[in-house]
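# Inside the fold
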Amino acid sequence: PKPRPRYRPASVFRRQIIINMRTSFSKGFTLVELLVVISIISLLSSIVLTSVNSARAKARDARKMADFRAISTALQLFFDKTGGMPGNYNPCCGVAEGSGFYEQSMQELVDAGFLPSIPRSPGGEKYSWYNYGGGNNTGGLMKTDLETVPDTTTGIPPSCRPWAAGVNWCSQSSSKEYCICNTY
C-alpha cells in the first residue's frame, strides 16, 4: 500500500504563501542594470538627434540654392522687362536681408510680378545682394553661405567667384560662400 501523504496544518501553508509573495515582490532590476539601460537609450538618442540636425542643415542648403535659382530667373526677367537690375539702395556696399536695403531691392522683383514675396533665408547666413552693373562678369550678385558643403575656392556649381582671394565677398578664398552672378 502507498503511504498516505502527511497533511500540514493550514497555518504552515499560509506562512509559505506569505514568504513566496515577499520574495516575488522583492525581485526587480538592480541599479547597475538600470544604469546600463539608461546609458544605451542616451547613446541612441544622441545618434538620432545628430542625424536629424544634419538632415535639417542639408534641407536649409537645398532651400537656399532653390531660392537663388528663382531669384536668378526673376532677375533675368526683370532685366528683359526694364533693361536693368534692381537698384542699389546702399551704393557703397552689398546689403544683407534685414537691413531694409535688401528688402527694397527685392521688392522691385515682387512689384514687377517676378517673385511672390521677398526671399528670406531659412536660417544660418542671411541673403545678400549688390548690383555691380552691366558689361562685366559679375552683374547683380546674390550671396549666402551654405552649411553642409566643404570649403572651396571656386564654389559649388553654378556659384561664381569673380575676385582674387581676400579682395571682396565671393572671392577665391576657401569658404562655404554660395554666390550667383547675374550678368547683363
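What you are looking at is a predicted structure, and each value in this text was computed from that prediction instead of being measured.

Let us look at the overall build of the protein. The helix and strand tally for the protein stands at three helices and four strands. Each helix (α) and strand (β) of the protein, taken in turn from the N terminus, gives the series α-α-β-α-β-β-β. A burial count over the protein gives 31% of its 184 residues as buried. Here the analysis covers contacts within the protein between residues at least 6 apart in sequence; of these, 56% occur between residues at least 24 apart.

Below, the discussion takes up the side chain of aspartate 67. Relative to the helices and strands, aspartate 67 is located in helix 2 (residues 31-82). Engagement of the side chain of aspartate 67 in a polar contact is seen with the side chain of tyrosine 127, the distance being 2.6 Å. Sequence-distant contacts of aspartate 67, defined by excluding residues within four places in its chain, comprise Arg120 and Tyr127.

A separate point is the pattern of salt bridges. Counted under the stated rule, the structure contains six salt bridges. The partner of aspartate 67 in a salt bridge is arginine 63, and the shortest N-O contact between them spans 3.2 Å. Here aspartate 67 pairs with arginine 63, and both are found in helix 2, just four residues apart, close to one helical turn. The shortest N-O distance in the salt bridge between aspartate 145 and lysine 143 comes to 3.3 Å.

With six of six residues buried, strand 4 (residues 177-182) lies mostly within the body of the structure. Both faces of strand 4 are covered, namely the face carrying Glu177, Cys179 and Cys181 and the face carrying Tyr178, Ile180 and Asn182. With six bridges joining them, strand 3 (residues 140-145) and strand 4 adopt antiparallel strand pairing. The residue bridging leucine 141 from the neighbouring strand is cysteine 181, located in strand 4.

A word on the nonpolar core. Residues Tyr102, Met106, Trp129 and Met142 are the most contacted members of the largest nonpolar core, which totals 21 residues. In terms of residue count, the dominant contributor to this core is helix 2 (six residues). Discounting residues that sit within four places of it in the chain, tyrosine 102 has contacts with Val95, Ala96, Glu97, Ile118, Pro119, Tyr127, Ser128, Trp129 and Met142. Counting residues in each nonpolar core, the second largest holds eight residues, with Tyr130, Leu141, Trp163 and Trp169 among its members.

Here is what the cut-offs are and how they apply
Residues numbered from 1 in each chain as written. Predicted model: local features only at pLDDT ≥ 70, side-chain atom pairs only at ≥ 80, totals over all residues. Heavy atoms only, no water. Helix = DSSP H or I, 4+ residues; strand = E, 2+ residues; numbered from the N terminus. Buried < 20%, exposed > 50% of the residue type's maximum accessible area, 1.4 Å probe, protein only. Contact = heavy atoms within 4.5 Å. Polar contact = N/O pair within 3.5 Å; in protein donor to acceptor, adjacent residues only side chain to side chain. Salt bridge = Lys/Arg side-chain N within 4 Å of Asp/Glu carboxyl O. Pairing = 2+ DSSP bridges. Core = buried A, V, L, I, M, F, W, Y, C linked by side-chain atoms within 4.5 Å.

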